[in-house]
Amino acid sequence: MKRRFIVTLSLFLAMAVIPALSIRQTTALNNSDAGKAPSSGISDKQSDRVQDSFIILDTSSEKTLEINGREFLYGALSYEMPPSFEPEALKAQAVAVYTYFSRLRKAQRSSPDKNLSGADFSADLSAGQFYLSEDQLRERWGSSFEKSRKKIKDACDSVYGLVLTDNKGELIDAAYHAISNGSTENSEDVFGIRNEHLRSVASPGDAFAPDYITDVVFSCDEFRDNLKATGAGISFSGKPENYIKSIDRTDAGTVRSIEICNYSFTGDQIRKAFSLRSASFEVEYSNKLFTFTVRGYGHGVGLSQYGAQYMAKNGADFKEILTHYYKDIRLDSAID
């Protein structure tokens, strides 16, 4: 099926710097009572560190692989953010990714899923999913490997073992994404569950991200075929310009639901059906074409990777970045 993509970059010429404040290079997913701090802030406490590890079920080989925690963090951060990002943005992402997978590990080891064969989670390691090995990074970074690897390692080493917790010391769900539409989303508007740590916040720096706005164009036949492929009971009648009936949006601007002909889709269903970068979109019909204008990249909940980069460029450290995107959190050490 043919699709014509028109990609545009939108830069806002004037935006205020944020007061006191799934990026991957190709595309944006625990337990400690130590280091207690007031619930309104972050503590600096770090315990003596020892080895930890993550066990991954490699879906490409069906074998499990145990990776040292520090080495896993190197590979996971390299998967999520390019080394060209600011050190403080890299540190913030490192804490978020370590928290995210530590939470998965804790849940799995407390209540094992037999399909994981003793692993903490699964990934297609041959495709570089979630974690990139040194060999994969050498191939990706080429002649800049040593310089890039050092920058990633320096960021990880400075925050290794640190996790985001609630006021009871429990790991939070440290969701993150590549680019918001200018504001992050409340968790319930995307995941269906309210999470006090994942509240909507302004993220104006995202407008400076590459491909912040993308346009995706479909013919009438392509538009209909993609919707039929969802399996929805949709029937088309009338003129194409009348197909779109109504759109309901979240406070942050993401499409919550959209009525097309006789069927109501969620924004995420439309995102998947048309391979859009996010569910924050507008759609128009003109000249026998449907055009989706999309803002951002990813689900929009939690830390915005390009928003973190913007904050870091404007002087924010990793703690300020984390407390901006995650609410009512502490920074604790998961390693005793």
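Residues numbered from 1 in each chain as written. Predicted model: local features only at pLDDT ≥ 70, side-chain atom pairs only at ≥ 80, totals over all residues. Heavy atoms only, no water.

Enquirer: I'd like a rundown of the nonpolar core, residues and numbers included.
Expert: F72, F101, L164, L303, I321, L322 and Y326 are the most contacted members of the largest nonpolar core, which has 60 residues in total. Among the elements that line this core, the one with the most residues is helix α2 (residues 87–110), at ten residues. One finds V255, F274, V283 and V294 within the second-largest nonpolar core, a separate group that totals 22 residues. (Core = buried A, V, L, I, M, F, W, Y, C linked by side-chain atoms within 4.5 Å. Buried < 20%, exposed > 50% of the residue type's maximum accessible area, 1.4 Å probe, protein only. Helix = DSSP H or I, 4+ residues; strand = E, 2+ residues; numbered from the N terminus.)

Enquirer: Talk me through the sheet that holds strand β10 (residues 263–266); I want residue IDs and the actual numbers.
Expert: Here we have three strands laid out as an open sheet, ordered β8-β9-β10, and antiparallel in their pairing. Each having just a single partner strand, β8 (244–249) and β10 make up the two edges of the open sheet. The sheet shows a mean angle of 15° between the axes of neighbouring strands, taken without regard to direction. Where β8 meets strand β9 (residues 255–260), five bridges bridge the pair, whose relative direction is antiparallel. Directly across from I244, in β9, lies its bridge partner I260. (Pairing = 2+ DSSP bridges. Axes fitted to C-alpha atoms, helices over the stretch in contact; angles between N-to-C directions.)

Enquirer: With reference to specific residues and values, describe the packing of aromatic side chains.
Expert: One pass over the structure, following the stated rule, counts 26 aromatic pairs. With centroids separated by 5.2 Å and ring planes inclined at 70°, the aromatic side chains of F85 and Y306 adopt a geometry described as edge-to-face. Remark: Y306 occurs in helix α8 (residues 305–313) and F85 occurs in the loop between α1 (69–80) and α2; sequence separation between them is 221 residues. Both rings, one in W141 and one in F145, keep their centres 6.1 Å apart while their planes meet at 40°; by these two values the pair is tilted. (Phe/Tyr/Trp six-rings, centres within 6.5 Å; stacked < 30°, edge-to-face > 60°.)

These results come straight from atomic positions and should not be treated as a statement about function.
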